[in-house]
Amino acid sequence: MGVTVLAILALIGGIFGILGGFAIVFGGAIVATVLGGLGALLSLIGLVLLVLAVVELALAYGFWMLKPWAWQLGFYLMAANVIVTALEFLVGGGYGFTNLVVTVVVAGIVMYYLNTPEVRKAFGAAERGFPVVGDILAKK
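Residues numbered from 1 in each chain as written. Predicted model: local features only at pLDDT ≥ 70, side-chain atom pairs only at ≥ 80, totals over all residues. Heavy atoms only, no water.

## Let's talk about the nonpolar core
Selection criterion: For the purposes of this section, nonpolar cores are sets of buried Ala, Val, Leu, Ile, Met, Phe, Trp, Tyr and Cys residues that join through side-chain atoms within 4.5 Å. Only protein chains enter the calculation, and the probe is 1.4 Å; a residue is then buried if its accessible area is under 20% of its type maximum, exposed if over 50%, and partly exposed in between. Secondary structure elements follow DSSP: runs of H or I no shorter than four residues count as helices, runs of E no shorter than two count as strands, and numbering proceeds from the N terminus.
By size, the foremost hydrophobic cluster in this structure holds 19 residues, and its most contacted members are Phe63, Trp71, Leu114, Val119 and Phe123. Breaking this core down by element, the ones donating at least two residues are α1 (2-35), α2 (37-64), α3 (68-90) and α4 (97-114). No other element matches the six residues that α3 contributes to this core.

## Some thoughts on the packing of α3 against α4
Quick note on the threshold: Orientation is described by axes fitted as lines to C-alpha atoms, over the contacting stretch for helices, and by angles from 0 to 180 degrees between their N-to-C directions. Roughly parallel means an angle under 35 degrees; roughly antiparallel means over 145; roughly perpendicular covers 65 to 115; every other angle is labelled oblique. When checking whether two residues touch, look at their non-hydrogen atoms; a contact exists if any pair is within 4.5 Å. Residue type decides the class: Asp, Glu, Lys and Arg count as charged, Ala, Val, Leu, Ile, Met, Phe, Trp, Tyr, Cys and Pro as nonpolar, and the leftover types, Gly among them, as polar.
Two elements in contact, α3 and α4, have axes whose closest approach is 9 Å; the angle formed by their N-to-C orientations is 170 degrees. As summarised for this structure, α3 and α4 are arranged roughly antiparallel, according to the angle between their axes. Mapping the contact onto sequence places Trp71, Gly74, Phe75, Met78, Asn81, Val82, Thr85, Ala86, Glu88 and Phe89 in α3 and Phe97, Asn99, Leu100, Thr103, Val104, Ala107, Val110, Met111 and Leu114 in α4. Residue composition of the contact of α3 with α4, grouped by class: 13 nonpolar, five polar and one charged.

## With respect to the packing of aromatic side chains
Short version of the rule: In this analysis, rings of Phe, Tyr and Trp, with Trp reduced to its six-membered ring, are considered paired at centre separations within 6.5 Å, and the interplanar angle assigns stacked below 30 degrees, edge-to-face beyond 60, and tilted for intermediate values.
Applying the stated criterion to the full structure yields four aromatic pairs. Judged by centre distance (5.1 Å) and plane angle (70 degrees), the rings of Trp71 and Phe75 are edge-to-face. Pair noted here: Trp71 and Phe75 are both in helix α3, with a separation of four residues, about one helical turn.

What follows is the structure in structure tokens.
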């Protein structure tokens, strides 16, 4: 049940990530016409957000189908979301400090849940440690 919830949340996050990414890219382009480099940096962050959103859509599929690679991708994506949110906060984009704190808390909860024995077993991950993708794929 919990993995299904994660799949649905990843799908919703991917959709909103795409919308937000486009908004940041175009907003950055507008800011670039006035401030130059800062707007270009915002556009770059928007492009990174778009890539992460597409990966999040793939993660939603992987979670839904209990694909072995999705377990590890979930960790990577949570870390990447925290980094992108921190960068948005540092350059003045995004939704401020509250957004950063919420992102860190949600990422921590997801990473903790993915690390529970039942979820690790459902994805075919080892009981302990962090196997590389090749190890996970070799098991299935």
